[in-house]
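Residue-level structure breakdown
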Amino acid sequence: MLLDGKTVIVSGVGAGLGHEVAAAVVRDGGNAVLGARTEANLAKAAAEIDPGGAHTAYRATDIADEEQCRALAGLAVERSGRIDALVQVAALDSHFGGLEDADFATWQRVLDVNLLGSLRMARACLPALKERGGALVLVGTQSSVAAPSQVRQAAYAASKGGLVSAMYSLARELGPHRIRVNTVQPGWMWGPPVEAYVQFTAHTEGVPEEEVKRRLGERMVLPELATDGDVADACVFLASDRARAITGQSLLVNAGELMR
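What comes next is a walk through the structure. (Residues numbered from 1 in each chain as written. Predicted model: local features only at pLDDT ≥ 70, side-chain atom pairs only at ≥ 80, totals over all residues. Heavy atoms only, no water.)

Turning next to the overall build of the protein. Helix and strand counts for the protein come out as eight helices and nine strands. Compactness check: the protein gives a C-alpha radius of gyration of 18 Å against a globular reference of 18 Å for 260 residues, within 12% of the reference. For the C-alpha atoms alone, the extent of the protein along its principal axes is close to 55 × 40 × 35 Å. The burial tally for the protein puts 50% of its 260 residues in the buried class. Residue pairs in contact within the protein that sit at least 24 positions apart in sequence constitute 73% of those at least 6 positions apart. Approximately 12300 Å² of the protein is accessible, and the part contributed by carbon and sulfur atoms is 51%. Separation of charge centres in the protein, based on 25 positive and 31 negative side chains, amounts to 8 Å. (Helix = DSSP H or I, 4+ residues; strand = E, 2+ residues; numbered from the N terminus. Rg over C-alpha atoms; globule rule 2.2 N^0.38 Å. Buried < 20%, exposed > 50% of the residue type's maximum accessible area, 1.4 Å probe, protein only. Contact = heavy atoms within 4.5 Å. Areas by Shrake-Rupley, 256 points an atom, 1.4 Å probe, with all protein chains shown as cover. Lys, Arg positive; Asp, Glu negative; His and termini not counted. Charge placed at Lys NZ, Arg CZ, Asp CG, Glu CD.)

This is how it looks when you write it as structure tokens:
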């Protein structure tokens, strides 16, 4: 098993990617420590992923709050005595728009959560990670390198682009401690957010949902969209010892829509 006996913190566990990452951690033999702002969502996810409760723990965590980040890291150490990896999924992705209609107060909030919040969560894990090495896996977005034509999310893309730039510096800084730092950049991935987009677009345009999904799929080299589960598998790989020589890299998981 890729993560046999390892403890992985997964932030941002809701109905989508964070849930899939946590499930993949447990599936591959690890212990998953779950964080998100809503405790009810965490309890539901833990019960689904690990009904016996032997391989999960959770704490309500807002990554905009440094004390809460430290508390989540502390829970992992309390339960397992170690942290082997952080998969940082939590993000604010609900703000839409570009420059002309920008509300920069909202942009600041997006940057505080997606960029600084990710770094807060990463820093909270450092003391434990330094003990034996490990991995930081930061979830970015394809939008930070190629803006989609279907939606406009300039603040979100900028915040995730900043996260990729920070990742390179973190990889250099933390490498001597055997801490690897990488970014996974999903494109369109089939899961709750994209399902909602397809439903909304189909209703707005008066076309079947399959038509909207087909148009998205036509952009891919492979004949279907990646899924939340596909992205989760990439995160688990980078968190595992199979990726022991990989650091300072950005991995696009996008069914070939964009190649770099």
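Next comes the rest of the account.
With parallel pairing, the seven strands of this open sheet are ordered in space as β3-β2-β1-β4-β5-β6-β9. At either end of the open sheet lies a strand with only one pairing partner, and these are β3 (56-60) and β9 (250-253). Averaged over all adjacent pairs, the angle separating strand axes in this sheet is 20 degrees, with direction ignored. Where strand β1 (residues 7-11) meets strand β4 (residues 85-88), four bridges bridge the pair, whose relative direction is parallel. Bridge pairing links Val 8 to Ala 85 in β4. In the packing of helix α3 (residues 66-80) onto the sheet, contacts are made with β1, β2 (31-36) and β3, and the angle to β3 comes to roughly 160 degrees. Across the sheet, helix α5 (residues 154-174) touches β5 (134-139), β6 (179-186) and β9, and the angle it forms with β6 is around 160 degrees. (Pairing = 2+ DSSP bridges. Axes fitted to C-alpha atoms, helices over the stretch in contact; angles between N-to-C directions.)

Estimates place the volume of the second largest pocket at around 360 Å³. In this structure, the second largest pocket is lined by 15 residues; those nearest its centre are Gly 133, Gly 134, Arg 178, Arg 180 and Arg 244. Class assignment of the residues belonging to the lining of the second largest pocket gives a composition of four nonpolar, four polar and seven charged. (1 Å grid on protein atoms, 1.4 Å probe; cavity = no way out; pocket = protein on both sides within 12 Å on 5 of 7 lines; lining within 4 Å. Points joined across faces, edges and corners; volume = space filled by probe spheres on them. Nonpolar A, V, L, I, M, F, W, Y, C, P; charged D, E, K, R; others polar.)

Now for the side chain of Asp 84. With respect to the secondary-structure elements, Asp 84 resides in the loop between α3 and β4. A polar atom in the side chain of Asp 84 sits 2.8 Å from the backbone nitrogen of Thr 7. In this structure, Asp 84 is in contact with Gly 5, Lys 6, Thr 7, Leu 129, Arg 132, Gly 133, Gly 134 and Ala 135, ignoring residues within four places of it in sequence. (Polar contact = N/O pair within 3.5 Å; in protein donor to acceptor, adjacent residues only side chain to side chain.)

Across the six residues of β5, six count as buried, placing the element largely inside the fold. Covered by surrounding structure in β5 are Gly 134, Leu 136 and Leu 138 together with Ala 135, Val 137 and Val 139, the residues of both alternating faces. By the bridge criterion, four bridges tie β4 to β5 in an arrangement that is parallel. When the sheet's bridge partners are listed, Leu 86 is paired in β5 with Leu 136. As paired strands, β5 and β6 are joined by six bridges and run parallel to one another.

So, about the packing of helix α1 (residues 17-27) against helix α2 (residues 39-49). Relative orientation of the contacting elements α1 and α2 amounts to 35 degrees, with a least axis distance of 10 Å. For the crossing formed where α1 meets α2, the hand is right-handed. Contact residues: α1 offers His 19, Ala 22, Ala 23 and Val 26, while α2 offers Ala 45, Glu 48 and Ile 49. Class assignment for the residues of the contact of α1 with α2 results in five nonpolar, one polar and one charged. (Left-handed = near helix turned anticlockwise from the far one by under 90°.)

On to the packing of aromatic side chains, then. For the structure shown, the criterion picks out two aromatic pairs. Here the aromatic rings of Phe 104 and Trp 107 are separated by 5.6 Å at their centres, their planes lie at 70 degrees, and the arrangement is edge-to-face. Residue Phe 104 and its partner Trp 107 are located together in helix α4 (residues 104-132), separated by three residues, close to a single helical turn. In this structure Trp 107 comes out as buried when scored by relative accessible area, which is 15%. Between Trp 188 and Tyr 197, the aromatic rings sit 5.0 Å apart at their centres with planes inclined by 45 degrees, giving tilted as the arrangement. (Phe/Tyr/Trp six-rings, centres within 6.5 Å; stacked < 30°, edge-to-face > 60°.)

For the rest of this paragraph, the subject is the packing of α1 against helix α8 (residues 228-239). Running from N to C, α1 and α8 cross one another at 50 degrees; their axes reach a closest spacing of 8 Å. Regarding the angle of α1 to α8, the classification is oblique. Two packed elements cross with a definite hand, and for α1 against α8 that hand is right-handed. Within the contact between the two elements, α1 uses Leu 17, Glu 20, Val 21, Ala 24, Val 25 and Arg 27 and α8 uses Asp 228, Gly 229, Val 231, Ala 232, Asp 233, Cys 235 and Val 236. Class assignment for the residues of the contact of α1 with α8 results in eight nonpolar, one polar and four charged. (Parallel < 35°, antiparallel > 145°, perpendicular 65-115°, else oblique.)

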